[in-house]
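Secondary and tertiary structure notes
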Amino acid sequence: MNKKQLGILCIILGTLLFSMMEVTLKGVSAHFHPFQLNFTRFFIGGLVLLPFALRTLRRRDADAPRLDAAALAKIAGLGFVGVFVSMTFYQLAVVHTDASVVAVLFSSNPVFVLPFAALLLGEPIFRRNIAALALEILGILIIVSPWNMQLDPYGVLFVLLAVLAFALYGVLGKREGAKFGVFVTTCFGFLFGSAEMIAAALLTHLPPVAALLEAGPLRDYANIPFFSGYSPEILPAFLFVCIGVTGVGYVAYFMAMECTSAGAGSLIFFFKPVLAPILALLLLQEAIPANRVAGIAVILAASLINMAPALRAAAHRRRTARREKGLPS
């Protein structure tokens, strides 16, 4: 198998696993506390990524930036934004609304990276970016239909907060990813983020903290469990969420980009809004109303506009390579 074939295989595998994420999380969510499920799956997912991160570090040049205490502190901050904040809202969204809605809306996060990148990194925004962002917002409005709201408003709010936090995480992690590689920043971000969540969960067992939480709207977050919910029946699905979806899914995503290109790797998030609702229909019997189909179509159009330059560049590289080999383009 050559590198291109491996990349295509990783795109297919990553699309399937990422499209199953919300469906499988929905299936196990009733057995675990949302916070518990989050820190467990990202800790195990980080361990799955660890060999790839260590391989990346071993292959670095001697004069490359060092992964010192300051760099680790920045990655820990990324873990807080991307895992602690974003994925907590994400898991709450899965609990409160349809898995297909969470899947589709969360897939829009690459477009929401654009305004954060302009504000924080000074990256330019082109007319096509503005058009893509406008279409994403239109697609979200069509799916949510605030004029005839059928969805849980808390679920919608949670997924939108998760999208914004994850987009911010993507922008903040861009520089660290360029220095150390996406495997390194993602792996250690997962491990730091899960460790931060575990520390927060431990705090909820302190009597003063537990009493304060129990007296307010966050009573469900007093005495967050660590080991409840496990049973022989739920363990296979739980391990699939942790190892398959979170661990192998991210490995496939990064390997797809490594073997092909960032534009080709982003195809995973292009196909996910189509495949995830179908899986939710087949496995969870979630209906796909007409407004959701229309919203998905608009979001796909926005993704195409956003991805167009990268896809054109990839096609140009392929044509150039074929001409250099004397093959017809």
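Just above, that's the structure.
Residues numbered from 1 in each chain as written. Predicted model: local features only at pLDDT ≥ 70, side-chain atom pairs only at ≥ 80, totals over all residues. Heavy atoms only, no water.

A separate point is the pattern of salt bridges. The tally for this structure, following the rule as stated, stands at three salt bridges. Here E22 ties to K272 by a salt bridge, and the two come within 2.8 Å at their closest N and O atoms. Here the residue E22 occupies a position in helix α2 (residues 21-29), and K272 occupies one in helix α13 (residues 267-284), the gap between them amounting to 250 residues. Each member of the pair, E22 as well as K272, carries the same accessibility label: buried. (Salt bridge = Lys/Arg side-chain N within 4 Å of Asp/Glu carboxyl O. Helix = DSSP H or I, 4+ residues; strand = E, 2+ residues; numbered from the N terminus. Buried < 20%, exposed > 50% of the residue type's maximum accessible area, 1.4 Å probe, protein only.)

Another aspect to go through is unusual backbone geometry. A positive phi angle is found at S145, which is not glycine, with a value near 50 degrees. Within the element layout of this structure, S145 appears in the loop between α7 (127-144) and α8 (153-180). The class for S145 is buried, based on a relative accessible area of 8%.

Before going further, it helps to spend a moment on the nonpolar core. Membership of the largest hydrophobic core comes to 76 residues, with the highest contact counts inside it found for F35 and Y90. A per-element tally of this core places helix α11 (residues 235-259) first, with 12 residues. Leaving out residues up to four positions away in the same chain, F35 has contacts with F84, T88, M197, A200, A201, Y221 and I224. (Core = buried A, V, L, I, M, F, W, Y, C linked by side-chain atoms within 4.5 Å. Contact = heavy atoms within 4.5 Å.)

Turning next to a nonpolar patch on the surface. A cluster of nonpolar side chains, namely L13, F227, Y230, L235, L239, I243 and V248, defines an oily patch on the protein surface of about 600 Å² accessible area. With four residues, the single largest contributor to the nonpolar patch is α11. Positionally, V248 belongs in helix α11. (Patch = residues over 30% accessible without salt bridge, like charges linked within 9 Å, V, L, I, M, F, W, Y side chains within 5 Å. Areas by Shrake-Rupley, 256 points an atom, 1.4 Å probe, with all protein chains shown as cover.)

Shape descriptors only; they carry no functional weight alone.
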